[in-house]
Amino acid sequence: MATTHALAGTLLAGVSFVVAPGFAPVALLAGFAGGLAPDLDLYFAHRKTLHFPVYLPVATLPALVAAVLAPSTVTVGLVAFLAAAALHSVTDVLGGGLELRPWEATSDRAVYSHYHGRWLAPKRLVEYDGAPADLGLAATLALPVFAVDVGGPLESLVVASLLVSTGYALVRKHLPNLAEDLVGTLVPAPVLPYVPDRYR
């Protein structure tokens, strides 16, 4: 789930409490945003347009150097954002494929590597987005936020993410049928070419 990635990005950015505590609030929020960012391509070549499992980790390195040499809100926020987006792009390979019903395990596409010029196959350690294991992972990633005093706004964001995750997990297996029904009945013919193939 996008929320799982956001929580993972927040946890990753938590290293700022040790190395740059004064910048921790901006790092945590940037980590949350960076964890979400790759999934903004959901309807535009999902897991290809904004997912860069090789290039994002590489881009994180100079940002990290800049943050170490000249720590500021901008440099720390940038490295937290890029590191979280890189983590998202890399870990998508651990989940299911891109098919509408990923629990059927029919797709060999997890995330596109622009460096390799090909799709990387799903490992399915987390069977599919919204699976019980995915919800459990999201809850586990959220725990450190509650163990450390990070302030009300971030805690509220994490609670909201867990609520969204829970709701999504409860309805996940019903969504493909709903999507197919909506596309089949409500989407005008001129718009159909712009609907991702998996919904048609």
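What you see is a predicted model; the values in this text were computed from it and never measured. (Residues numbered from 1 in each chain as written. Predicted model: local features only at pLDDT ≥ 70, side-chain atom pairs only at ≥ 80, totals over all residues. Heavy atoms only, no water.)

Moving on: the environment of Ala-30. The topology assignment puts Ala-30 in helix 3 (residues 24–36). With relative accessibility at 13%, the residue Ala-30 sits in the buried group. Taking the C-alpha atoms as reference, Ala-30 lies 8.7 Å from Val-76; in sequence the two are 46 residues apart. Contacts of Ala-30, omitting those with residues within four sequence positions, involve Gly-77, Ala-80 and Phe-81. (Helix = DSSP H or I, 4+ residues; strand = E, 2+ residues; numbered from the N terminus. Buried < 20%, exposed > 50% of the residue type's maximum accessible area, 1.4 Å probe, protein only. Contact = heavy atoms within 4.5 Å.)

Let's shift gears to the packing of aromatic side chains. For the structure shown, the criterion picks out three aromatic pairs. Arranged with centres 6.3 Å apart and planes meeting at 85 degrees, the rings of Tyr-55 and Tyr-115 form a pair that is edge-to-face. Of the two residues, Tyr-55 is situated in helix 4 (residues 55–69) and Tyr-115 in the loop between strand 1 (111–113) and strand 2 (118–120); the sequence distance between them amounts to 60 residues. On the accessibility criterion, Tyr-55 (42% relative accessible area) is partly exposed. With 5.0 Å between their ring centres and 70 degrees between their planes, Trp-103 and Tyr-128 make a pair best called edge-to-face. (Phe/Tyr/Trp six-rings, centres within 6.5 Å; stacked < 30°, edge-to-face > 60°.)

Purely spatial values, then, with no claim about function.
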